[in-house]
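Coordinate analysis (summary)
Below, each chain spelled out in residue letters.
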Amino acid sequence: MQRGSAFDCSLRVLTLRDHSEGELRKKLSGKGYQEGEIEASVARMKELGYLDDLRFARSFASSALRNGKGVGPRLKLELSRRGVAGNIVSQVLDELALEYSEAELLTQLMQRRYPGFDAATASDKEKRRIVGYLQRKGFSLSAIFRELKAQED
């Protein structure tokens with residue numbers, strides 16, 4: 001259901017939060033706008049600086065890392081799902097790898113999510129549950145096992 005032009009709709013959508021180009025195209029298409037209108041609107045948004053995949057990817061990835069929502073492969077998948085180009089995803093992840101350490105993020109997430117967890121006294125079932133959770137967040141097995149080993153000592 002259309003209300004106004006694709007440009008107006010784009011402005012409303014981008015007012016709420018930053019979007020990737022792919023997300024904006026999908027929203028406009030879902031609202032019934034024609035391909036030509038969508039292309040013109042996206043081009044104008046980019047021209048005005050309201051739509052920038054690199055800015056969106058940096059913001060999204062930084063937020064996800066700080067909040068423990070994902071790291072590494074998980075973050076790459078989430079950005080790709082949002083329509084960010086692979087070269088931009090790689091660039092952003094490389095930049096953020098210098099800023100954030102996987103080990104530090106893992107330690108922070110463990111302290112926040114499992115404050116009373118003691119690896120030395122935990123059952124195998126409990127450890128498997130935590131390892132599974134951390135893997136789904138995108139942490140590597142080697143980093144997870146290093147963290148568990150460090151907590152046992």
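Residues numbered from 1 in each chain as written. Predicted model: local features only at pLDDT ≥ 70, side-chain atom pairs only at ≥ 80, totals over all residues. Heavy atoms only, no water.

Bringing the overall build of the protein chain into the picture now. The helix and strand inventory of the protein chain stands at 9 helices and 0 strands. Ordered by position from the N terminus, the helices and strands of the protein chain form the series α-α-α-α-α-α-α-α-α. Over its C-alpha trace the protein chain gives a radius of gyration of 20 Å, far above what one expects of a compact globule, namely 15 Å for 153 residues. Referenced to the eigenvectors of the C-alpha coordinate spread, the extents of the protein chain come out at roughly 60 × 30 × 20 Å. (Helix = DSSP H or I, 4+ residues; strand = E, 2+ residues; numbered from the N terminus. Rg over C-alpha atoms; globule rule 2.2 N^0.38 Å.)

Right, let's talk about the UniProt feature "domain: RecX third three-helical" (unreviewed entry) in the protein chain for a bit. Residues annotated in UniProt with the feature "domain: RecX third three-helical" (unreviewed entry) correspond here to residues 102-146. In residues 102-146, the share of helix is 69% and the share of strand is 0%. The end C-alpha atoms are 11 Å apart. (UniProt positions renumbered as here; feature names shortened; annotations may be inferred.)

So, about the pattern of salt bridges. For the structure shown, the criterion picks out 11 salt bridges. The shortest N-O distance in the salt bridge between arginine 25 and glutamate 39 comes to 2.3 Å. Note that arginine 25 is positioned in helix H2 (residues 21-30) and glutamate 39 in helix H3 (residues 35-48), a separation of 14 residues in sequence. Note on glutamate 39: relative accessible area 35%, which makes it partly exposed. Here arginine 74 and glutamate 78 are joined by a salt bridge, their closest N and O atoms 3.4 Å apart. Highlighted residues: arginine 74 and glutamate 78, both in helix H5 (residues 73-81), separated by 4 residues, approximately one helical turn. Classification of arginine 74 by relative accessible area gives partly exposed; the value is 27%. (Salt bridge = Lys/Arg side-chain N within 4 Å of Asp/Glu carboxyl O. Buried < 20%, exposed > 50% of the residue type's maximum accessible area, 1.4 Å probe, protein only.)

Below, the discussion takes up the packing of aromatic side chains. Applying the stated criterion across every chain yields a total of 2 aromatic pairs. Ring geometry for phenylalanine 56 and phenylalanine 60: centres 5.9 Å apart, planes at 25°, overall stacked. Placement of both phenylalanine 56 and phenylalanine 60 in helix H4 (residues 53-66) is noted, with a separation of 4 residues, approximately one turn of the helix. Classification of phenylalanine 56 by relative accessible area gives buried; the value is 3%. Judged by its relative accessible area of 22%, phenylalanine 60 falls in the partly exposed class. Arranged with centres 5.9 Å apart and planes meeting at 90°, the rings of tyrosine 114 and tyrosine 133 form a pair that is edge-to-face. Remark: tyrosine 133 occurs in helix H8 (residues 124-136) and tyrosine 114 occurs in the loop between helix H7 (102-113) and H8; sequence separation between them is 19 residues. (Phe/Tyr/Trp six-rings, centres within 6.5 Å; stacked < 30°, edge-to-face > 60°.)

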